[in-house]
Amino acid sequence: MRRNGPIALLFHTLVVIFVLAPLVLVCLVAFTAQDTLSLPFTAGYGASLRWFKAVFDHPDFLQSFYNSLQLALMSATLSVCIALPAGLALGRYRFRGRDALNGLFLSPLIIPSLVLGVAFMRMFSVMDITGSFFWLVVAHTVVITPYVLRMVLSAVIGIDRSSEQAAQSLGAGPWTVFRRITLPAILPGLSGGWMLAFINSFDELTMSIFVTTPATVTLPVRMYMYATESIDPMMASVSALMILITGGAMLILDRLYGLDKILIGERV
């Protein structure tokens, strides 16, 4: 196996630094004790949890966090319920319209979020359902279902069906085969897809701006609204908390399924 040379390692190091530097700076600024965006440990100021406390004392941010958490949980779960039968059908059977159906499910990946947001806003206005949390869940489900479907398809295609055929030859019914053999085999894909969908729903901003109302504002939208009015270290604290939540979710996803398999399709 060929090893990376010093130039390649240097290039990779610079890329990693370039990507991580803004995140590290935001997290450092979150610990400042001053009233402006500045790094701690300068000008006689030390680290402080002042702005983290301000976040938890801010009712609008807390309510938006609960909205985002509930929205991500519900939409990710609903996406799994849709992607599981769709993935089994698309991955195992050949039928007329299969490619068109697959393209329909995956189309939100290529449609800009701005376009989806305007389309949903117009549709909700025509249907007079603006402000409904349920329909907000539906909108997020449409956007994140392709991520779950890709994971399910990958898991379904990689199953060795000899175990299922052996169970059927021994008299097991379709439900028993699915519950005892198929579902455990694709469970890592389902878990990884659910986690990936949860992260994308929790962080969704562009589309959510058009379909949220004052009662259903999500955390990313709340941060955007707050940033248009003022910039202070509390925004850095909220950003640091979101980085922590997203990083923790990615760590769990890596332990459950493996990021290499998710991002580049490598079998682990």
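Residues numbered from 1 in each chain as written. Predicted model: local features only at pLDDT ≥ 70, side-chain atom pairs only at ≥ 80, totals over all residues. Heavy atoms only, no water.

On to the overall build of the chain. Along the chain, the regular secondary structure elements total 12 helices and 0 strands. Mapped from its N terminus to its C terminus, the chain presents α and β elements in the order α-α-α-α-α-α-α-α-α-α-α-α. Referenced to the eigenvectors of the C-alpha coordinate spread, the extents of the chain come out at roughly 75 × 60 × 30 Å. Considering only intrachain contacts with a sequence separation of at least 6, the fraction spanning at least 24 residues in the chain is 67%. Of the roughly 15,600 Å² that the chain leaves accessible, carbon and sulfur atoms contribute 67%. Separation between the mean location of the 17 positive side-chain charges and that of the 14 negative ones in the chain comes to 14 Å. (Helix = DSSP H or I, 4+ residues; strand = E, 2+ residues; numbered from the N terminus. Contact = heavy atoms within 4.5 Å. Areas by Shrake-Rupley, 256 points an atom, 1.4 Å probe, with all protein chains shown as cover. Lys, Arg positive; Asp, Glu negative; His and termini not counted. Charge placed at Lys NZ, Arg CZ, Asp CG, Glu CD.)

Bringing the confidence of the model for the chain into the picture now. It should be kept in mind that the predicted coordinates are not to be read in detail where pLDDT is low. Per-residue confidence for the chain averages 84 on the pLDDT scale, and 92% of its residues sit at or above 70. Taken element by element, the predicted model of the chain shows its lowest mean pLDDT in helix 12 (residues 259–263) (60) and its highest in helix 3 (residues 59–92) (91). In this model residues 264–268 is a low-confidence stretch, pLDDT under 50, and it forms 8 contacts with partners more than four residues away in sequence or in other chains. (pLDDT = per-residue confidence, 0-100.)

Counting 43 residues, the largest nonpolar core has Phe 61, Phe 120, Ile 186, Met 207, Leu 219 and Met 223 as the members making the most contacts within it. Counting only elements with at least two residues in this core, the list comes to helix 2 (50–56), helix 3, helix 5 (113–127), helix 6 (133–157), helix 8 (174–203), helix 9 (206–211), helix 10 (219–229) and helix 11 (233–256). If one sorts the elements of this core by residue count, helix 6 sits on top with 12 residues. Every residue in contact with Phe 61, bar those within four places of it in the chain, is listed here: Val 55, Leu 219, Arg 222, Met 223, Tyr 226, Met 234, Met 235 and Val 238. (Core = buried A, V, L, I, M, F, W, Y, C linked by side-chain atoms within 4.5 Å. Buried < 20%, exposed > 50% of the residue type's maximum accessible area, 1.4 Å probe, protein only.)

As enumerated under the stated definition, the model contains 10 aromatic pairs in all. When the centroid spacing of 6.3 Å and the interplanar angle of 55° are considered together, the rings of Phe 124 and Trp 135 count as tilted. Here Phe 124, found in helix 5, pairs with Trp 135, found in helix 6; they are 11 residues apart in sequence, far enough to count as distant. In this structure Phe 124 comes out as buried when scored by relative accessible area, which is 4%. When the centroid spacing of 6.0 Å and the interplanar angle of 20° are considered together, the rings of Phe 198 and Phe 202 count as stacked. Note that Phe 198 and Phe 202 are positioned in helix 8 at a spacing of 4 residues, about one turn of the helix. The burial state of Phe 198 is the same as that of Phe 202; both residues are buried. (Phe/Tyr/Trp six-rings, centres within 6.5 Å; stacked < 30°, edge-to-face > 60°.)

Moving on, we get to helix 11. The terminal C-alpha atoms of helix 11 lie 35 Å apart, and with 24 residues this matches the ideal 34 Å at 1.5 Å per residue to within 8%. All of the buried residues along helix 11 are Pro 233, Met 234, Met 235, Ala 236, Ser 237, Val 238, Ala 240, Met 242, Ala 249 and Leu 253. (Expected span 1.5 Å × (residues − 1).)

Moving on, we get to a nonpolar patch on the surface. On the surface, a cluster of nonpolar side chains totalling about 1,000 Å² of accessible area is made up of Phe 11, Val 15, Val 16, Phe 18, Val 19, Leu 20, Leu 23, Val 24, Leu 25, Leu 28 and Leu 39. Overall, the relative accessible area of 54% leaves Phe 11 in the exposed class. (Patch = residues over 30% accessible without salt bridge, like charges linked within 9 Å, V, L, I, M, F, W, Y side chains within 5 Å. Salt bridge = Lys/Arg side-chain N within 4 Å of Asp/Glu carboxyl O.)

Once that is clear, we can look at the pattern of salt bridges. A complete count under the given rule lists 2 salt bridges for this structure. A salt bridge links Lys 53 to Asp 57; its shortest N-O distance comes to 2.8 Å. You'll find Lys 53 and Asp 57 in the same group, each marked exposed.

On to the packing of helix 3 against helix 6. Relative to each other, helix 3 and helix 6 sit at 40°, their axes nearing to 5 Å. As far as their axial angle goes, helix 6 and helix 3 are oblique. Considering the relative orientation of helix 3 and helix 6, their crossing is right-handed. When grouped by side-chain class, the residues that make up the contact of helix 3 with helix 6 number 21 nonpolar, 9 polar and 1 charged. (Axes fitted to C-alpha atoms, helices over the stretch in contact; angles between N-to-C directions. Parallel < 35°, antiparallel > 145°, perpendicular 65-115°, else oblique. Left-handed = near helix turned anticlockwise from the far one by under 90°. Nonpolar A, V, L, I, M, F, W, Y, C, P; charged D, E, K, R; others polar.)

What follows covers the packing of helix 5 against helix 6. Remark: helix 5 packs on helix 6, axes separated minimally by 12 Å, with the N-to-C direction vectors making an angle of 150°. In the crossing of helix 5 with helix 6, the sense of the turn from one axis to the other is right-handed. Seen from helix 5, the contacting residues are Leu 116, Phe 120, Phe 124 and Met 127; seen from helix 6, they are Trp 135, Ala 139, Val 142 and Val 143. The residue inventory of the contact of helix 5 with helix 6, partitioned by class, reads 8 nonpolar, no polar and no charged.

This part covers the environment of Pro 108. Its location among the elements puts Pro 108 in the loop between helix 4 (98–106) and helix 5. Among the residues examined, Pro 108 registers a relative accessible area of 12% and is labelled buried. In contact with Pro 108, other than residues within four places in its own chain, are Leu 116, Val 142, Val 143 and Pro 146.

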